[in-house]
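Residues per chain are reported as follows:
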Amino acid sequence: MKVAEAVGRALSAAGVGHVFGVVGSGNFHLTNAMVAAGSRFVAARHEGGAATMADAYARMSGTVAAVSVHQGPGLTNAMTGIAEAAKSRTPLLVSAAEVTEPRSNFHIDQAALARAVGAVPVRITSATDAVGQARAAVHRALHERRTVLLNLPREVQALDVPDGVLTQAAPPPERTAVEPSPTDVAALAQVLERARRPVFVAGRGSRSPGARDALEALADRCGALLATSAVARGLFHGNPWSLDVSGGFASPLAAELIGSADTIVGWGCALNMWTTRHGRLIGADTTVVQVDDDPSALGAHRQVHVGVTGDVELTARRVLERYAGDTERQGCRTADTASAIAAGVRWRDVPYEDTSTRERIDPRTLSIALDDILPAERVIGVDSGNFMGYPSMYLSVLDENGLCFTQAFQSIGLGLATAIGAALARPDRLAVAALGDGGALMGAAELDTVRRLGLPMVVVVYNDDAYGAEVHHFGPHGHPLDTVEFPPTDIAAVARGYGFEAVTVRTRPDLKAVEEWVAGPRSAPLLVDAKVVGDRGAWWLEDAFRGH
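All of the points below concern the structure found in this document.

Cut-off values and rules
- Residues numbered from 1 in each chain as written.
- Predicted model: local features only at pLDDT ≥ 70, side-chain atom pairs only at ≥ 80, totals over all residues.
- Heavy atoms only, no water.
- Helix = DSSP H or I, 4+ residues; strand = E, 2+ residues; numbered from the N terminus.
- Buried < 20%, exposed > 50% of the residue type's maximum accessible area, 1.4 Å probe, protein only.
- Contact = heavy atoms within 4.5 Å.
- Pairing = 2+ DSSP bridges.
- Right-handed = clockwise from strand over helix to strand, strands pointing away.
- 1 Å grid on protein atoms, 1.4 Å probe; cavity = no way out; pocket = protein on both sides within 12 Å on 5 of 7 lines; lining within 4 Å.
- Points joined across faces, edges and corners; volume = space filled by probe spheres on them.
- Nonpolar A, V, L, I, M, F, W, Y, C, P; charged D, E, K, R; others polar.
- Axes fitted to C-alpha atoms, helices over the stretch in contact; angles between N-to-C directions.
- Parallel < 35°, antiparallel > 145°, perpendicular 65-115°, else oblique.
- Left-handed = near helix turned anticlockwise from the far one by under 90°.
- Phe/Tyr/Trp six-rings, centres within 6.5 Å; stacked < 30°, edge-to-face > 60°.
- Core = buried A, V, L, I, M, F, W, Y, C linked by side-chain atoms within 4.5 Å.
- Salt bridge = Lys/Arg side-chain N within 4 Å of Asp/Glu carboxyl O.

Comments concerning the environment of leucine 253
Locating leucine 253 in the fold gives a position in helix α10 (residues 252-259). Overall, leucine 253 belongs to the buried group, its relative accessible area being 16%. Apart from residues lying up to four places away in sequence, leucine 253 is in contact with Ala340, Ile341, Gly344 and Val345.

A closer look at the pairing of strand β3 (residues 65-69)
Judged by how many residues are buried, β3 sits mostly within the fold: five of five residues are covered. The side-chain alternation of β3 yields two buried faces, one formed by Ala65, Val67 and Val69 and the other by Ala66 and Ser68. Bridge count between strand β1 (residues 18-21) and β3: three bridges; the pairing is parallel. Bridge pairing in β3 links valine 19 to alanine 66. Here five bridges tie β3 to strand β4 (residues 92-98), and the two strands are oriented parallel to one another. Note that in β4 the partner of alanine 65 across the bridge is leucine 92. The parallel pair β3 and β4, bridged by helix α4 (residues 73-87), forms a crossover whose chirality is right-handed.

A word on empty space enclosed by the protein
What the rule picks out here adds up to two cavities of 30 Å³ or more. One number sums up the size of the largest cavity: a volume of about 50 Å³. If you go around the largest cavity, the residues you meet are Leu416, Leu435, Ala440, Leu441, Ala444, Leu447, Val459, Ile491, Val494 and Leu527. Within the residue set of the lining of the largest cavity, elements represented by two or more residues are α17 (437-442) and α20 (491-497). Its residues assigned to classes, the lining of the largest cavity shows ten nonpolar, no polar and no charged. One number sums up the size of the second largest cavity: a volume of about 40 Å³. What lines the second largest cavity is Val201, Ser246, Ile258, Ile264, Leu271, Thr275, Thr276, Leu281 and Ile282. Looking at the lining of the second largest cavity residue by residue, the classes come out as six nonpolar, three polar and no charged.

Observations concerning unusual backbone geometry
If you check the backbone angles, aspartate 465 has positive phi at about 55° while not being a glycine. As for its position among the elements, aspartate 465 is in the loop between β16 (458-463) and α19 (468-474). Notably, arginine 522 is not glycine yet its phi reads approximately 55°, a positive angle. By secondary structure assignment, the location of arginine 522 is in the loop between α21 (512-519) and β18 (526-531).

Re the packing of helix α1 (residues 3-13) against helix α2 (residues 28-36)
Axis separation between α1 and α2 bottoms out at 7 Å; the angle between their running directions is 40°. Our classification of the angle between α1 and α2 gives oblique. Pair α1 / α2 crosses with right-handed handedness. Listed contacts from α2 to Ala4, Glu5, Val7, Gly8, Arg9, Leu11 and Ser12 of α1 are His29, Leu30, Ala33, Met34 and Ala36. Considered class by class, the residues forming the contact of α1 with α2 number seven nonpolar, three polar and two charged.

Here we look at the packing of aromatic side chains
Using the criterion set out here, one finds seven aromatic pairs in the structure. Ring geometry for phenylalanine 200 against tryptophan 267: centres 5.4 Å apart, planes inclined by 65°, an arrangement best described as edge-to-face. A residue pair is termed long-range when its members are at least 10 positions apart, and phenylalanine 200 in strand β7 (residues 198-202) and tryptophan 267 in strand β10 (residues 263-267) qualify at 67 residues. Overall, phenylalanine 200 belongs to the buried group, its relative accessible area being 1%. Pairing tyrosine 390 with tyrosine 394 gives two aromatic rings, centres 6.2 Å apart and planes at 40°, and the pair type is tilted. With a gap of four residues between them, tyrosine 390 and tyrosine 394 both fall in helix α15 (residues 389-394), about one helical turn apart. Across the pair, tyrosine 394 and tyrosine 390 agree in class, each one buried. Grouped by ring-pair contacts, the aromatic residues Trp347, Tyr390 and Tyr394 constitute a single cluster.

Regarding the nonpolar core
By size, the foremost hydrophobic cluster in this structure holds 53 residues, and its most contacted members are Phe20, Leu416, Met457, Val459 and Leu527. Formed by 44 residues, the second largest nonpolar core is a distinct cluster that contains Ile361, Phe387, Phe405 and Val528.

Here we look at the pattern of salt bridges
All chains considered together, the criterion is met by 33 salt bridges. Between aspartate 55 and arginine 59 there is a salt bridge, with the nearest N and O atoms lying 2.7 Å from each other. You can see aspartate 55 and its partner arginine 59 sitting in helix α3 (residues 47-61), four residues apart, about one turn around the helix. By the burial criterion, aspartate 55 is buried, and arginine 59 matches it. Two residues, aspartate 448 and arginine 451, come together in a salt bridge whose shortest N-O distance is 2.4 Å. Taken together, the residues aspartate 448 and arginine 451, both in helix α18 (residues 447-453) and three residues apart, mark about one turn of the helix. According to the relative accessible area criterion, aspartate 448 is buried, its value standing at 7%. We classify arginine 451 as partly exposed; its relative accessible area is 39%. A single salt-bridge network, built from bridges that share partners, covers Arg45, Asp448, Arg451 and Arg452.

Re the sheet that holds strand β9 (residues 242-245)
An order of β9-β8-β7-β10-β11-β12 is seen for the six strands of this open sheet, with the pairing classed as parallel. In the strand order of this sheet, the two ends are held by β9 and β12 (306-309), each with one partner. Pairwise comparison of adjacent strand axes, ignoring direction, gives a mean angle of 15° for this sheet. Where β7 lies against strand β8 (residues 225-228), four bridges are found, and the strand directions are parallel. Bridge pairing links valine 199 to leucine 225 in β8. Together, β7, β8 and β10 form the strand contacts of helix α9 (residues 209-222), whose direction differs from that of β7 by roughly 170°.

Don't take any of this as a statement about function, it's just geometry.
See below:
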């Protein structure tokens, strides 16, 4: 057996059940070996799409996924998706063929490329060690929550593996939850005992039913209000004390209540500029606590008064144990606050002036209507751009698995691939891809992947015929906008060419076709080319550009 086949079989045996990619000569044998060993291969039309599909699949399934690419350009094509995964600490394995001969057209420093975007480069170095090195790469991706680039030199792939080496292939042990120290637990408990207006902000590290239950129980005991970062949206869905998302996407009421907190605890949450509105949601006298199982994350974005190293669920339960026998405290949980949250914490309940015309629909009106039309059991993939707050906040989600938010790198063009990966991870839910026209056209090749896989997906394009973020950032200052505005494109016609059903939406009645699709057999995916009003920037845009 050759190294290429042995490594492929070893990756499958190590628990990599899904591999996404574009196959070339350099990764042909490895990919086929993974398929033969039982992994599912999903062929993308571009390596960038493959990387993002794998990223989204890993996030929504809780498993390690793989990307398989050709040497050189196959890897460089995938780099934006790899950068997003690396910045998000997604457990992802990127398997890339490698050319080590400097005179080859395919030669680049692949290890340096990985390090440049925050991924971890490793290499298969010999036939004897190949299986063990492949298994170690999966172990590292899982246990360190890292995106790992596994380089497979072409000359090593062709070597013969000694007999018995494949017996080393087995799934790595489950990642062990980090137990907080008693001292840290006591310090956090003392902070909460003194707090009068506590708010919990849960992030990526809280995205599990166990963490949700533990945080809600502790919040009930100390009277805390509940919020999430964007990536954890939906975690507290249905809780009467949920403020939804903290930060740039927060509704006016949520921002007011978070800003008035005397104590904020970030649970598996970076408390970065997006989640805190560049710190403006944290008062000068507010006590800030951060809980994370990675000690390097504590205080990385802002100074904290108490930092706790520990798993979110374990830490919340250990702190709750210290409250045993105590009565629940009111905190901010008054009748007036409850009424205000019920009436106005959702963006769709915030009054607005509908600016729709006969030719273009207000994106808020569009999003509210889609929220009512589409099934509640949905998984949403959102692209980046001026429009992104509307689907992210106006489309409700049932739990922490309802929104796949690939925005750590803020690249446009990833949204459709995100929704594909999420759809494959959650086939029990309707996948919804929310895109701007720029990102939709940038990733249009993957419309073929949606159709080929038979995914009953809804793709919604917020089409303002422009890169709206730049229009609204530079336009008010009188700068020419020719470089960021475009002639109208019939994206519905493009989708029909790929085998989609498609509808162009200019007014609310045009959405009748979406209602009919939802009620029908959904035998083909649906694209909604929504011609949206583009006369104003989104509410979060000003904050976003402050981060540039």
